[in-house]
Number of protein chains: 2
Amino acid sequence: MKEVTVYELYKDEKLLEELKDSEIVLEGWVRTNRDNGSLGFIELNDGSFFKNLQLVYDNNTVNFEEVSHFSNGDAIQVRGILVLTPEAKQPFELHLIKGVILGKCQDDYPLQKKRHGFEFLRDIAHLRMRTNTFNALFRVRSTLSYAIHKFFFERDFVYVHTPIITTNDAEGAGQTFKVITDDKNPNAFFGTPSVLTVSGQLHVEPFALAFRNVYTFGPTFRAEKSNTTRHAAEFWMIEPEMAFTDLNGNMSVIEDFIKYIIKFVLEKNKEEMNFFNTFIDKDLLNRLNHVLNSKFEVMPYTKAIEYLLKAKESGHKFENNDIKWGMDLQSEHERYLTEVIVKGPMFLIDFPKEIKAFYMKLNKDNKTVAGCDLLVPGVGELVGGSQREEDYEKLKAKMEEVGNDKELYWYLDTRKYGGCVHSGFGLGFDRFLMYITGISNIRDTQPYPRTFGSIKY
Amino acid sequence: MKEVTVYELYKDEKLLEELKDSEIVLEGWVRTNRDNGSLGFIELNDGSFFKNLQLVYDNNTVNFEEVSHFSNGDAIQVRGILVLTPEAKQPFELHLIKGVILGKCQDDYPLQKKRHGFEFLRDIAHLRMRTNTFNALFRVRSTLSYAIHKFFFERDFVYVHTPIITTNDAEGAGQTFKVITDDKNPNAFFGTPSVLTVSGQLHVEPFALAFRNVYTFGPTFRAEKSNTTRHAAEFWMIEPEMAFTDLNGNMSVIEDFIKYIIKFVLEKNKEEMNFFNTFIDKDLLNRLNHVLNSKFEVMPYTKAIEYLLKAKESGHKFENNDIKWGMDLQSEHERYLTEVIVKGPMFLIDFPKEIKAFYMKLNKDNKTVAGCDLLVPGVGELVGGSQREEDYEKLKAKMEEVGNDKELYWYLDTRKYGGCVHSGFGLGFDRFLMYITGISNIRDTQPYPRTFGSIKY
């Protein structure tokens, strides 16, 4: 007797052909069970696939009575005949010979048949992956991770595990968590203050200067006390870095990368993505396909300000309506540009140097830096990237100004010892997952979310 | 004029055929440069590959004088004719037309031509990846990571990002780092004490009870004040978990997994692995191939104690020579078993319950638990795994005894709501990297190592 998974039945046509009308065994969990006394149906999910397998039980089932008492959440083993049902909604079903309880689900099971709100489910993060939405979500999360590694592996990028505990806060971008062992002596373990990383970029750049193309993909942390739907204290980031690559080369990789990972998920998780499109965001697949079919446009910051001023003049009201060159664009401005002006994905480039990080390359105009933010309709900024300042003297002067030249001497060294044009970018993994699933709260994209004032598990 | 990488020239035969005798452009770094006034040779490494490209310059080179002054570490761009040299040591070389400096390497460059000790290099972790050993090492590290993801993806495991900041210390296995924002009020951010994870297992198990086969692969932390060559404060772990899988199934996956990732690295990083075999550990490839060709044996702990007693009786002296049933085996005992008795990889199983974690399945003898440690010659323990206790009442009693039943109520829930037989294992990534490269200090396997008393960068 063949033991199989639901995924194999759905995805392996040859196996299905071979097994039809024969006896097979499966193990899994009861999602629903209903019967009329002589005929019953169980939706079995065995964890291998988003879809369920329908079990039919009747007077050919040796323990009808027992099976009819299986309840939502029970772990069971079933033996039956695989029957193809080309006319039905599902392509096959299992005619049950016998079902056995492996692990009973007790009566106070929090997941009842009714629809549960996301907030309620957040409180039972150890069970919510058993619901359709979270089952689909964590499958897509897994596929997306793999797609990212695959993209870079195929292009011979070296994956670097940049450190989690670190002595520096990168660009001073966010507030950091301190790491200690002893309350009375915070430096007891390492001998020096240490914090959780906010970005792997500075640590990965020295690797680009040896391996040409590298990336880091790991957890990062921000101790910001913000309670929004887009902020988490712990989240994953992808940060590639490429030597001998300028801003144009950088944008070209970003475009290829974004399209590749979207395409990969759409192909691998068709069922899950259809589910999101039906139940979470009816415009989702349209939006993603639009990205796949767009050539990403490029717009300098200075041009963007002109567009925003024109919009203001013609009566458009922004929350922040004080549009002027030198301002840091807010999400509403970014969305106006990508949604109203460009109507598609776009790179905003060449920002005033004052509003960007110290490591960005100063353009010839001495006023702007070679940054590139990818903006997309519906969200605004998705990726932030830049060409890095490779000129040792310029970077040194800038770092002295910022005051991190001593601490980050090793970062400066990369420009001192055979530096070259190089570029990179950062993509927030969890926010990207929100984008491609339509899920609107970052807490619902993470296995066990950590946010200001909230840590469970 | 075609721009190419050294990797492409080595790995793409069609491209090589197409480009031979034509003009190409490359960018990279000078590894060595020597000339006799009319003929010179540069070893160029462009980061794309472990191997260098030889540049030959002579009176056909337009700027011989300039090129002859290129020095170790300079970033350069070169234009020349690709010439096949089937009789020479390297299969092709570049006859230089012109070379241009992209970024000069200043004279105080710490990496000089001579051989540097690992300890010296550890202090310049931002540059050491430019040496052959560390260049090879970080390439293998990257490949190994990918091999791991690929193995699980091909088997439809769901990858789960278990949290880094957590409220529990798993099995109480190691000392933890505390995570705070405010020295005066350690609970200021989350409202509760929080620490860095020591293992993702407990967090990943609930996912196995929904997705069947899952794994986590991420950083873990131990605040142990040990200064050995095998202890790091921060390291990466792989922890798969499989529902409906018992100890035998677990061992079968471990064996497939270990063989798969070794094979993948041997194939993808042939040059790097040959380098390690030549310069680091002359027995390396023998040892790895022996693992690939072995069927992993299985030995119960009780049997192992018999072997060790017999060894003692016949005069073998262990450091810890007090051999008796119930003892926790040390590395010397494990190595005796795998090197002298089995002479190959082996699983040690069924340990006294007193020496193992609370979550391991109690065997029918009521004395041992269903654990499985993979031991290999040369190292000892490589993997630790077990079948988990799926019986709610038994696990609850055990957790009450340990005193973590309240804190880990959610872990107990997985047995309460449709629990089933399940198993998993853990592999320390960095230690495994030591094993497959022959590198003997864990500090030399990590991009920026963090150990007791030492954190740089």
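Thresholds applied
- Residues numbered from 1 in each chain as written.
- Chains lettered and ligands numbered in written order.
- Predicted model: local features only at pLDDT ≥ 70, side-chain atom pairs only at ≥ 80, totals over all residues.
- Heavy atoms only, no water.
- Salt bridge = Lys/Arg side-chain N within 4 Å of Asp/Glu carboxyl O.
- Helix = DSSP H or I, 4+ residues; strand = E, 2+ residues; numbered from the N terminus.
- Buried < 20%, exposed > 50% of the residue type's maximum accessible area, 1.4 Å probe, protein only.
- Pairing = 2+ DSSP bridges.
- Contact = heavy atoms within 4.5 Å.
- Buried area = accessible area lost by both parts, 1.4 Å probe.
- Polar contact = N/O pair within 3.5 Å; in protein donor to acceptor, adjacent residues only side chain to side chain.
- Nonpolar A, V, L, I, M, F, W, Y, C, P; charged D, E, K, R; others polar.
- Axes fitted to C-alpha atoms, helices over the stretch in contact; angles between N-to-C directions.

Asker: Would you explain the pattern of salt bridges in this entry?
Answerer: All names here are of chain A. Tallying each qualifying case throughout the model produces 60 salt bridges over all chains. One salt bridge connects Arg79 with Glu23, and the closest N-O pair in it is separated by 2.8 Å. Placement of Arg79 in strand 5 (residues 75-84) and of Glu23 in strand 2 (residues 23-35) is noted, with a sequence separation of 56 residues between them. Where Glu205 meets Arg415, a salt bridge forms, and the shortest distance between an N and an O atom there is 2.9 Å. Pair noted here: Glu205 is in helix 6 (residues 201-211) and Arg415 is in helix 13 (residues 409-416), with a separation of 210 residues, a long-range link. Its relative accessible area of 4% is what places Arg415 among the buried residues.

Asker: In this structure, what is going on with the pairing of strand 14 (residues 346-352) of chain B? I would like to understand it.
Answerer: Residues and elements named next belong to chain B. Most of strand 14 sits inside the fold, with 6 of its 7 residues counted as buried. Both strand 13 (residues 297-300) and strand 14 contribute to a ladder of 4 bridges, which runs parallel. When the bridges of strand 14 are listed, Met299 appears paired with Leu348.

Asker: Whenever I open this one, the sheet that holds strand 16 (residues 380-387) of chain A confuses me. Can you help?
Answerer: Strands in a sheet are paired, the pairing made by backbone hydrogen bonds, and the direction either parallel or antiparallel. Residues and elements named next belong to chain A. With mixed pairing, the 8 strands of this open sheet are ordered in space as 7-11-12-17-16-15-14-13. The open sheet terminates on both sides in strands that have one partner only, identified here as strand 7 (158-159) and strand 13 (297-300). Bridge analysis of strand 12 (residues 234-243) against strand 17 (residues 422-428) gives 5 bridges, and the strand direction is antiparallel. Counted as the bridge partner of Met242 is Ser423 from strand 17.

Asker: Can you walk me through the interface of chain A and chain B in this structure?
Answerer: The parts lose accessible area when they come together, and the size of an interface is often stated as this lost area. Listed per partner, the contact involves 104 residues of chain A and 104 residues of chain B. Both sides of the chain A and chain B interface together cover about 9,000 Å² of buried area, and 64% of this is carbon and sulfur. Contact with chain B buries surface across chain A, with His161, Phe189 and Tyr417 of chain A losing the most and accounting together for 9% of the total. One salt bridge in this structure joins Asp46 of chain B and Arg212 of chain A, with 3.4 Å as the shortest N-O distance. On inspection of chain A and its partner chain B, the count reaches 48 residue pairs in polar contact (both at pLDDT 80 or more). Among the residues forming the side of chain A that touches chain B, the class breakdown is 53 nonpolar, 29 polar and 22 charged. Bridge analysis of strand 9 (residues 178-180) of chain A against strand 9 (residues 178-180) of chain B gives 3 bridges, and the strand direction is antiparallel. Note that in strand 9 of chain B the partner of Ile180 of chain A across the bridge is Lys178 of chain B.

Asker: Just checking my understanding: could you explain the sheet that holds strand 11 (residues 213-221) of chain B for this structure?
Answerer: Residues and elements named next belong to chain B. Across the sheet, 8 strands lie side by side as 7-11-12-17-16-15-14-13; this open sheet has mixed pairing. Each edge of the open sheet is held by one strand with a lone partner, namely strand 7 (158-159) and strand 13. Both strand 11 and strand 12 (residues 234-243) contribute to a ladder of 9 bridges, which runs antiparallel. Residue Tyr215 lies in a different strand from strand 12, and its bridge partner there is Pro240. Across the sheet, helix 14 (residues 429-437) touches strand 11, strand 12, strand 15 (368-376), strand 16 (380-387) and strand 17 (422-428), and the angle it forms with strand 17 is around 60°.

Asker: Is there a simple way to think about the environment of Lys150 of chain B in this case?
Answerer: Residues and elements named next belong to chain B. Within the secondary structure layout, Lys150 lies in helix 5 (residues 132-154). Judged by relative accessible area, Lys150 falls into the partly exposed class, the value being 22%. Sequence separation of Lys150 and Phe264 is 114 residues, and the distance between their C-alpha atoms is 9.8 Å. Polar contacts involving the side chain of Lys150 include one to the side chain of Glu154, which spans 2.7 Å.

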